[in-house]
Each structure stands twice: as C-alpha cells, then as structure tokens.
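Residue strings, one per chain:
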Amino acid sequence: MKKMSIVGYMKSKITFLLFYVMALFNCEGEERSLDEIYHSYLSNVEGKIQNSGADKLFLFFTDTHVFENEGETSYVIKSLLKNTSFENVVWGGDAITAYGKSIEDQWKTQIVDFDTIRTYGKLYCLRGNHDFTIKNSKTNGFTYSQKKTAKLIFEQCNSSIIRNTQEETGCYYYFDDDEHKIRYVVWDTNDSQAYEDKAWGLLNQVSTKQLSWLVNEAILSTPKSYSIIMLSHIGIVSATNPNCVDLAVVKSVVEAVQSKSKWSSNGIACDFSQLNEGVRILMCLSGHTHQDLQTCSNGIWHITSASDAFYSDYQKALIVPPMKKRSRESVTEHVVDCVMLNRSLNQIIFNRVGVGVNRIFNLTPIVMKVNSSVRLFESSECGNFYGCYSAGSEKYSASGWSVSEANVELTKDGLLNSKQIGNSIAYYYTTSGDLVFYYIKVEK
C-alpha cells in the first residue's frame, strides 16, 4: 500500500507538471499567435510611416462597439506608438452596442484598451450617439444622463484638453499639438437629450452653449499659423452623415472659418476675419457611418473612417477599391488610421492599418478652365480603378449611394478633361495601394 501511494504521488506530480507546461505553452502560443498575425505586417507599416517624411499627427479609430470588436485594437495601437513617432490617439466614439448588453460591462471592456493606449500615448475621446444608451428589448431601454456621460468621457481624456468648466453635460473641448501647430476642435454632436427612461434618447445636434463656447474660446483663439482639425462623431455634411440637417449650423461655422468671414446664428455672432494669420482648417473628421467616406465642400475635406468593430458596413461605401474582405484572426480584424500631414505636398494622408486602403487627400484644389486638360497620373501608376463625380451631390438611400455626373471626365491614361463650370472630386487607386483624391474647380 505504501508503494502504491508513492507511485500515486509521483503520478500526481507528473500530471501537475504536465498541466503546468501545457499552460505555459498555451500562454506562449497565444502571444505567438498575435505576433504571427500582426508583427510582420505592422513592421512594414511602421517602416513606411517612419520613412514618409510627413508629420505624424494622430492615430484614429472609431465605432468600436464593444463585444462586436475583435479585442486586439490596443495591441495594434501600442505597437504603432512604440515603433513610430505618433503620440496622440483619437477615439471617435460609440463603444456601446445597440442591444441587450450591459453598458457597464461594455465600458469596462473599452477602458481596458484605453488603459493600454494611455500607457504609451495621449488619448482623446469623442462621445458617440450610442454613448451611453441601450435597448434591452423591443420596448425597453435607457440612456445615461448627460452629466454622467460627460464625466465618463472626460475621465479617459488626456489632461491637456481645454473644456468649458462652466458646463457639466457637454463632451466638447479643444487641445493643441504645439510641435505640429495643430489645434483640434472637438464637437459633441449629441449634447442634447430627449429622455433617460428610453433607449436612444440622444438628439443629433449641438446646443447654443456649446456653439458659443467653441466659436469664441476654441476657434477664435487659435494661435498664429496653426491649422485646425475639426473632430466629431457624426459628420456635418450629407456625404458623411445622410441626416446632417440638424448639424447644418456646424457646417456654417466651418465654412465661415475657412473663408474668414462674418458669421451669426442662434444669437451668436463673430467675425472670423479676426482670426490670427495663417489659421486654416485642414479637414473635418468623423466616424458614425462605419464606412470610408469623403467629400470636399467649399474647399474643405470631410472624411469618415470605417468601424473598428467587426462589421461589413465598410463594403457599402461610395468608393470601394479592390481590397481584402474582413476575416477573423487576420490583419483585417481592425481599422486604425495613421493620420499624417505632408506639408511639402499639402496632403493629408490616412495610412490604414487593417481592412481598407490608404487614402491621400490633396488639400490644394486643382483649378481649371472650361475645355482644358490636366494630367493626374501616368497609366503605369494607376491600378485600373479611377473616377470622378460632382462634389456635394452624394446621396444615401436604402439602395446605396448615388452621385451626380461630374463636370469633368477622367481617362484611363490619367488625363482630366473639364467640360463645364462646377466642382468635382476625382480619384484613382495607385499600383502601390493608395487611393488618391483631388478637389477640382472648373471656372470660365
């Protein structure tokens, strides 16, 4: 009996050691799995970014919709922050899924990613239309108070933000990147509330209080030679938000800033000709649509990025060049944009990590005369995907996007021919995998 007990003891020790070794291998296997999926790909992206010569402005990801997300966003962003000179990270909002899950559990899961990101960089958060509201069933749901929502959002933001300390309910603010001379103006496009005892109780609008503060405190005080990037969860033109009518007042502000003209609305008036010398708007960036969308309105680029959650909405975008489909356990799981500014070429660059393609937006418009021609590319540079359409004509319906015919035409050998007065967008997909956009103005 004694001998048997020793044998049993030895067997139990061996069993324990086997399980221990297996556990170690499982842990290492999981880490290796992430490295196998991302490491080589990220190394190539990071090398390209560092050698680009462009200013590294910020990393952008949006519409994470926790529990619909693959959960490795922080792994990707951590690598980019460690291996490139990016410091700022902007999250575009919408952590919460629409139905049935605990808001508290989802937000805690989102914060795990945020905590990792804050260890390596500076995080700035926008409030989305699903933050924080949920539907528990077909008839029941609830929405957090504006005060509670603002507290939760601001808790995650870097301490460098400047906010309206006289208001506890709006998630709007600004912050500066002094190295690159950029002022970021963050709009809260859901700062009004209809009710708390139902789901989706937020209204797509900005309050007069927010409007007044951002115009006077954030925009008019922009330092000399700084550029402005407008950030909002919901876009302010129809091409980036088909229901943009409620945000028309924000669009009017943006265009008055760019033209440096007088502006008034809702009892607020200001003169943007008083802006400091050299101040200009680089772009308006948002999420919400789950699609890569872009248009140019009165010389200002309005851009959205696809959802970081594992959705297929990105395939519904107006312009979808040849690209991989999303698949799990691959580099297409997520969507992170590395946003850069090439000052010498006057371009905003969105270097995509994940599903989708790189996008390059030329900030200098091409001005043409009627019946003239400009060469945009050589035929050897284009991956046989190109086109043009009337700027501002984008419309979305149940059947998808539609646009009006452009006043220019683009040939397969890269020649842009003007036909009549008007504004258009031209684009082409390069053989190196970049989708390049131009704003075209045709005059008499």
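Above: the structure in question.
In short, a report on the structure. (Residues numbered from 1 in each chain as written. Predicted model: local features only at pLDDT ≥ 70, side-chain atom pairs only at ≥ 80, totals over all residues. Heavy atoms only, no water.)

## Quick look at the pairing of strand 8 (residues 182-186)
Our working definition: Burial here depends on accessible area, computed with a 1.4 Å probe over protein chains only, as a share of the maximum for the residue type. Under 20% is buried, over 50% is exposed, and the range in between is partly exposed. By the criteria applied, helices consist of DSSP H or I runs no shorter than four residues and strands consist of E runs no shorter than two, each listed in order from the N terminus. Note on pairing: DSSP must find at least two bridges between two strands before they are called paired.
Most of strand 8 is tucked away: five of the five residues are buried. Here strand 8 shows two buried faces, one formed by I182, Y184 and V186 and the other by R183 and V185. Looking at chain direction, strand 7 (residues 173-177) and strand 8 are connected through five bridges and run antiparallel. Paired with Y174 across the two strands is V185, which belongs to strand 8. Linking strand 7 back to strand 8 in an antiparallel pair, the connection comprises four residues, with K181 at a positive phi of about 55°. With five bridges joining them, strand 8 and strand 11 (residues 227-231) adopt parallel strand pairing. By the bridge assignment, V186 is partnered in strand 11 with L231.

## Side note on unusual backbone geometry
Across the junction of D131 and F132, the peptide omega takes the value 5°, indicating a cis bond. Tracing the sequence through the fold places F132 in the loop between strand 3 (122-125) and strand 4 (133-135). Unlike most non-glycine residues, N346 shows phi in positive territory, near 55°. Among the structural elements, N346 can be located in the loop between strand 17 (335-342) and strand 18 (347-354). With relative accessibility at 17%, the residue N346 sits in the buried group.

## Here we look at the sheet that holds strand 26 (residues 415-418)
How we decide: Between N-to-C directions, angles cover 0 to 180 degrees, with each direction set by a line fitted to C-alpha atoms, over the stretch in contact for helices.
Here we have three strands laid out as an open sheet, ordered 21-26-25, and antiparallel in their pairing. Only two strands of the sheet have a single partner each, and these edge strands are strand 21 (373-375) and strand 25 (408-410). Put simply, the sheet's adjacent strands are angled 20° from each other on average, direction ignored.

## Quick look at the environment of A306
Basically, it comes down to this: We call two residues in contact whenever any of their non-hydrogen atoms come within 4.5 Å of each other.
Examined against the element boundaries, A306 turns out to sit in the loop between strand 16 (300-304) and strand 17. By relative accessible area, which is 1% here, A306 ends up buried. When near neighbours in sequence (up to four residues on either side) are disregarded, A306 contacts T62, H290, Q291, D292, Y314, V335 and R352.

## A short note on the sheet that holds strand 11
Strands sit in the order 6-7-8-11-14-16-15 across an open sheet of seven strands; the sheet is mixed. On the outer flanks of this sheet lie strand 6 (162-163) and strand 15 (293-297), each paired with one strand and no other.

## Let's talk about the pattern of salt bridges
Here is the rule we go by: The working definition used for a salt bridge is a side-chain nitrogen of Lys or Arg within 4 Å of a carboxyl oxygen of Asp or Glu.
Per the counting criterion, the structure on display carries 14 salt bridges. D188 is paired through a salt bridge with R127; the nearest N and O atoms lie 3.2 Å apart. Linking D188 in the loop between strand 8 and strand 9 (192-193) with R127 in the loop between strand 3 and strand 4, this pair joins segments that are 61 residues apart in sequence. As far as burial versus exposure is concerned, D188 and R127 are alike and both buried. For the salt bridge of R352 with D337, the shortest nitrogen-to-oxygen distance reads 2.8 Å. With a gap of 15 residues between them, R352 in strand 18 and D337 in strand 17 connect regions that are remote in the sequence.

## Digging into the packing of aromatic side chains
When we look at a pair of aromatic rings, we describe it by the centre distance and by the angle of the planes. Our working rule: Any two rings among Phe, Tyr and Trp, with Trp reduced to its six-membered ring, count as a pair given centres within 6.5 Å; such a pair is stacked if its planes are under 30 degrees apart, edge-to-face if over 60, and tilted if neither. Ring-over charges, as used throughout, are those where CZ of Arg or NZ of Lys falls within 6 Å of the ring centre and within 35 degrees of the ring normal.
Summed over the entire model, instances satisfying the criterion amount to 27 aromatic pairs. Judged by centre distance (5.9 Å) and plane angle (35°), the rings of Y174 and W213 are tilted. You can see Y174 sitting in strand 7 and its partner W213 sitting in helix 5 (residues 208-219), a full 39 residues away along the chain. Take Y174 and W213: they sit in the same class, and that class is buried. For the ring pair Y389 and Y427, a centre distance of 6.4 Å and an interplane angle of 55° mean the geometry is tilted. Of this pair, Y389 sits in strand 22 (residues 382-390) while Y427 sits in strand 27 (residues 422-430), and the two are 38 residues apart along the sequence. When sorted by exposure, Y389 lands in the same class as Y427, which is buried. Here the aromatic cluster, defined as three or more aromatic residues joined through ring pairs, consists of W301, F350, F361, F385, Y389, Y427, Y429 and F437. For the cation-ring pair, R163 lies above F154, with the distance from its terminal atom to the ring centre recorded as 3.8 Å. Lying across the ring of F310, R328 places its NZ or CZ 4.0 Å from the centre.

## Side note on helix 5
Applied cut-off: By this rule the span expected of a helix is its residue count minus one, scaled by 1.5 Å.
In a regular helix each residue adds 1.5 Å, so twelve residues correspond to 16 Å; helix 5 covers 15 Å between its end C-alpha atoms and thus fits that length. Listed as buried for helix 5 are Q210, L211, W213, L214, V215, A218 and I219.

## Things to note about the state of the cysteines
Basically, it comes down to this: Two cysteine sulfur atoms make up a disulfide if the distance between them is within 2.5 Å.
Across all of its chains, the model carries zero disulfides by this definition. C270 forms no disulfide, and the closest cysteine sulfur to it belongs to C284, at a distance of 16 Å. Take C388: it sits in no disulfide, and the sulfur closest to it among the cysteines is that of C382, at 12 Å. With relative accessibility at 23%, the residue C388 sits in the partly exposed group.

## What to know about the packing of helix 3 (residues 103-120) against helix 4 (residues 146-156)
Inclusion rule: Roughly parallel refers to an angle under 35 degrees, roughly antiparallel to one over 145, roughly perpendicular to one between 65 and 115, and oblique to any angle outside these ranges.
Running from N to C, helix 3 and helix 4 point in directions that differ by 25°, and their axes come no closer than 10 Å. Taken as axis vectors, helix 3 and helix 4 run roughly parallel relative to one another. Side by side, helix 3 and helix 4 meet where W107, I111, F114 and R118 of the first sit next to L152, I153 and Q156 of the second.

## Quick notes on the nonpolar core
Nonpolar side chains in soluble globular proteins tend to end up buried together. Note the threshold: Buried Ala, Val, Leu, Ile, Met, Phe, Trp, Tyr and Cys residues form a nonpolar core when they are joined through side-chain atoms within 4.5 Å.
If you look at the biggest cluster of nonpolar residues, it comprises 94 residues, and the most contacted ones within it are F58, M283 and W301. At seven residues, the largest contribution of residues to this core is made by strand 28 (residues 434-443). Setting aside anything within four residues of it in sequence, one finds F58 in contact with F86, N88, V90, Y184, I229, M283, L285, D337, C338 and V339. Listed in part, the 32 residues of the second largest apolar core include V206, I228, V250 and F272.

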